[in-house]
Every structure is written in structure tokens, then in C-alpha cells.
Amino acid sequence: MGTNRKPSPEERLQQWIKPELFEASAYYVPDADGLIKLDAMENPFILPDELREKIREVISDAEINRYPDPNACNLKKSLREVMDIPEDMAIILGNGSDELIQIIALAVAHSGKTILAPQPGFVMYKIIADTVGARFIGVDLNCDDFSLDSEAMLSAIDQYQPAVVFLAYPNNPTGNLFDENTISEIVNVAPGLVVLDEAYSAFSEKSFMQRIEEFDNLLVMRTLSKSGLAGLRLGILVGPALWLNQLDKIRLPYNINTLSQKLAELILSQYEILQQQAEIICANRSTLFKQLQKIEGVSPWKSSANFILFKTTNTSADIISAALIEQGILIKNVSGNFPALKDCLRVTVGTGDENEAFVVALKLALSS
Ligand SMILES: *Cc1c(COP(=O)(O)O)cnc(C)c1O
């Protein structure tokens, strides 16, 4: 008695923080101050003056003393229309699709359960799996073209019986679309949920949105972040009510704030503006791709998203990435993320001027 020593701050932390958190790492966001920002797949264009004037009105009329609509009914209606969401499918909105990934993981993947995804892939699947205490299994893509290794996927699904399989379609950071039949086969054999993450659907011609009803374990996830509204934080999960009614219990009641709801409704009422911007980005993508193809020491992969992955074949990606920052241009160095991405860099497609500045800087970096 009386020998209870007060624990040191570190001891107290070790005692109470769950062990898996010490192993996990936070998502890293670099400082982009003063740089041309081509690292995070943002839409580089701003909205027209007239719409910005309406945005000012909506903001000043917003009743921010009240809680937001917990179900964001009006916003869901607009989304159904612009995204052509099948009528009998339910919708859950998230504070970005990152929050939806977390909701899914919390709902199904408690400890001992597995979350599976191909790799190289979107890093948040693993980061979130780690923080909820689920086991994460990454299955290697084919190394030449980053297509799904269907044999490896099917056998890993059989072996690990994952609660959720995440497939990004198109994939980030590789930019390619996986084979449609292989995806169907994966959904058919998966014991649990398959989430098709269509974050880049605005820039790709393919989607499973109209095929959800063919399966009973497929959810399609979208986001407005890559289309021009990254700052509003709006993710969209679509699927059978049977599943979404349960997932919705994890969602915090007012997760979509009033300003995000009102502004997204307004901007979606002129959705063609975002669509036109996406068209310009796709045109810029093909120009940038051709320019990268012509540069010696650079090997780009074709992309169905608003970014291009490329390999530096004669110089280390770390050196090029640093040399670009020196010249005021920030792209994403994914070289260290997965062995298959050694010396790979990912550049977001920007405005014509931004892309031009990037190409000039890249050539200079390669020649020095
Ligand atoms: C960017 C991205 C997301 C996250 O988007 P937010 O809606 O901004 O959270 C999800 N999945 C993939 C594949 C992405 O690239």
C-alpha cells in the first residue's frame, strides 16, 4: 500500500493507447506554400464569377446557428440526378470518401477481420485498416501494366476471407482501369463486401454504377474532391439499403456540415461547369502524356484519371522530386510506397500553363 508510483507521461501513453496505433502512421500532407500544386489530384480551375456570386449569397443566408440536415436530403436528390444513381439504391454521404472508408471498416472489420486490396493502391485503405485494428492484406498487381493478377486475387480472397475488398476504379496511383470481367468475378467470389472506389469517375469512361443491382455485395463509392470540390469534403457511397442501413449507424449524425450541403447543392445545379472542366483536364492529360512520352529518361503509364504515373529510368525519383520542388513544383513522389513503384512519380494534370511549367522543370531536372 502507498507504493503506487505516478506513471511517467510515456508510461501512461503506453498503457492506454491501443497497441496497433503505435504501429500505424498518419497520412502525410506536405507543405505546398508558394508551390505549383500538382500532388493531390485537385481540379486546378476555379468557378465562374457568376456562380461565385451565388455562393456568397448562399453562405450569407445559411442558418449556421442550426444543425445541418442530418440526412442531407436535398443534396442526395441532386447527386442522384447528376450521378445517375439507380433509384432503388441507398446513399450515405461522408466527410470525403475517406470517412466512408472508415465507416465501412468500423462496421465490418473489427479485430481479426481482414481488409484486402490490390497494391500499389490507395494508401488510406491500409492506414484505416491499421487504426481500426483490422488485418490488411495487399495483393500485388501485375508488375508491367498494373492490371489485376486475377489468380492471385482470387486465391487471396479464398485464403483470407476478407470482410471487405477495396478496388479503386481507376486505380490510384497507377491510373489504370482494372478489367471489368475480373472485377465481376471478384465480387462474385468475395465472401463479404466489395467496394468499388470510383474517385476518378469524372475522368474515366467506365463505371459500375449501373451494375450494382447485379450483385448483393457491391458498393460504389464516389467523391466530389477530384472534380473540383475537394474543400467541401463530400464522399458518396451507393448500394443496397440492406447494407447501408447498418453502415449508417456508424456515421456521426451531422457529418456533412450546412455549408458543404448548401454549396454542393448549388454547384451541382450547374454540374455542366464541373463536367466542362473535367473535359479540359482530360484533353490536358493527353497533351501531357504525349510530352512525357517524348522525354528521354521518362516512361509514363496511360491514365484514365486526372494524374499520370511515370518512372524516371536514368535518375532516381527522389532527386527529380527534390529538383522539381527547387523549381517551385510539387508532385507526388510515390517511389518509397511500394517496391513496384521504385523511381515512380505521380503528377496531377493541371492547367495548360501549370503542365507546361512542370514539363520545362522536369526536363531541366533530368539534364542536371
Ligand atoms: C482521393 C481519393 C479518395 C479520397 O477522396 P476524399 O473524398 O477527398 O476523401 C478515395 N479514394 C481514392 C482512390 C482516391 O484517390
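Scroll up to find the structure this text is about.
Remember, it's a predicted structure, so these values are computed and weren't measured experimentally.

Asker: Break down the packing of aromatic side chains for me, with residues and values.
Answerer: Throughout the structure, instances matching the rule amount to seven aromatic pairs. With a centroid separation of 4.5 Å and 5 degrees between ring planes, the pair formed by Tyr-125 and Phe-166 is classed as stacked. In this pair, Tyr-125 is assigned in helix 6 (residues 124–132) and Phe-166 in strand 5 (residues 164–168), connecting sequence segments 41 residues apart. We classify Tyr-125 as buried; its relative accessible area is 3%. The exposure class assigned to Phe-166 is buried, which follows from its relative accessible area of 1%. Between Phe-146 and Trp-301 the ring centres are 5.0 Å apart and the planes differ by 55 degrees, which places this aromatic pair in the tilted class. Of this pair, Phe-146 sits in the loop between strand 4 (135–140) and helix 7 (150–160) while Trp-301 sits in the loop between strand 9 (298–300) and strand 10 (307–312); the two residues are 155 residues apart in sequence, bridging distant segments of the chain. Summarising the burial analysis for this pair, Phe-146 and Trp-301 share the class buried. Members of the aromatic cluster, each reached through a chain of ring pairs, are Phe-122, Tyr-125 and Phe-166.

Asker: Outline the pattern of salt bridges, listing residues and values.
Answerer: Applying the stated criterion across every chain yields a total of 13 salt bridges. Ionic pairing is found between Asp-98 and Arg-233, a salt bridge with its closest N-O pair at 3.9 Å. Taken together, the residues span a long stretch of sequence, with Asp-98 in helix 5 (residues 97–108) and Arg-233 in the loop between helix 9 (225–229) and strand 8 (235–239) at a distance of 135 residues. Overall, Arg-233 belongs to the partly exposed group, its relative accessible area being 29%. With a closest N to O distance of 2.9 Å, Glu-214 and Arg-211 form a salt bridge. Several salt bridges converge on common partners, so that one network encompasses Glu-180, Lys-206, Arg-211 and Glu-214.

Asker: Requested: an account of the sheet that holds strand 12 (residues 332–333), with residues and values cited.
Answerer: The four strands are arranged 9-10-13-12 in an open sheet whose pairing can be described as antiparallel. Here the strands that pair on one side only, and so sit at the sheet edges, are strand 9 and strand 12. Strand direction decides the pairing type here: strand 12 and strand 13 (residues 344–348), joined by two bridges, are antiparallel. In the sheet register, Asn-333 faces strand 13, and the bridge partner there is Leu-345. The sheet contacts of helix 12 (residues 271–294) involve strand 9, strand 10 and strand 13, and relative to strand 10 the element is tilted by about 5 degrees. On top of the sheet, helix 13 (residues 317–326) reaches strand 10, strand 12 and strand 13; it is set at about 35 degrees to strand 13, its chief contact.

Asker: Got a sec to walk through the packing of helix 13 against helix 14 (residues 352–367)? Specific residues and values, please.
Answerer: It is the contact of helix 13 with helix 14, at a shortest axis distance of 9 Å, that shows an interaxial angle of 125 degrees. Our classification of the angle between helix 13 and helix 14 gives oblique. Of the two elements, helix 13 crosses helix 14, and the hand of that crossing is right-handed. Contact residues: helix 13 offers Ile-320, Ala-323 and Leu-324, while helix 14 offers Phe-358, Ala-361, Leu-362, Ala-365 and Leu-366. The residue makeup of the contact of helix 13 with helix 14, split by class, is eight nonpolar, no polar and no charged.

Asker: Let's hear about the side chain of Asp-197: which residues, and what values?
Answerer: Structurally, Asp-197 can be placed in strand 6 (residues 193–197). Look at Asp-197: it is buried, it has no salt bridge, and the nearest opposite charge is Lys-226 at 7.0 Å. Separated by 3.3 Å, the side chain of Asp-197 and the backbone nitrogen of Ala-199 make a polar contact. Not counting the four nearest positions on each side in its chain, Asp-197 is found in contact with Phe-122, Tyr-125, Leu-167, Ala-168, Tyr-169, Pro-170 and Met-221.

Asker: Explain the sheet that holds strand 6 to me, and be specific about the residues and the numbers.
Answerer: Spatially, seven strands are ordered 2-8-7-6-5-3-4 in an open sheet, and the strand pairing comes out mixed. Pairing within the sheet leaves two strands with one partner each, and these edge strands are strand 2 (90–94) and strand 4. Averaged over neighbouring strand pairs, the angle between their axes works out to 25 degrees when direction is ignored. Sheet analysis places strand 3 (residues 114–119) next to strand 5, joined by two bridges and oriented parallel.

Scoring rules and cut-offs
Residues numbered from 1 in each chain as written. Predicted model: local features only at pLDDT ≥ 70, side-chain atom pairs only at ≥ 80, totals over all residues. Heavy atoms only, no water. Phe/Tyr/Trp six-rings, centres within 6.5 Å; stacked < 30°, edge-to-face > 60°. Helix = DSSP H or I, 4+ residues; strand = E, 2+ residues; numbered from the N terminus. Buried < 20%, exposed > 50% of the residue type's maximum accessible area, 1.4 Å probe, protein only. Salt bridge = Lys/Arg side-chain N within 4 Å of Asp/Glu carboxyl O. Pairing = 2+ DSSP bridges. Contact = heavy atoms within 4.5 Å. Axes fitted to C-alpha atoms, helices over the stretch in contact; angles between N-to-C directions. Parallel < 35°, antiparallel > 145°, perpendicular 65-115°, else oblique. Left-handed = near helix turned anticlockwise from the far one by under 90°. Nonpolar A, V, L, I, M, F, W, Y, C, P; charged D, E, K, R; others polar. Lys, Arg positive; Asp, Glu negative; His and termini not counted. Polar contact = N/O pair within 3.5 Å; in protein donor to acceptor, adjacent residues only side chain to side chain.

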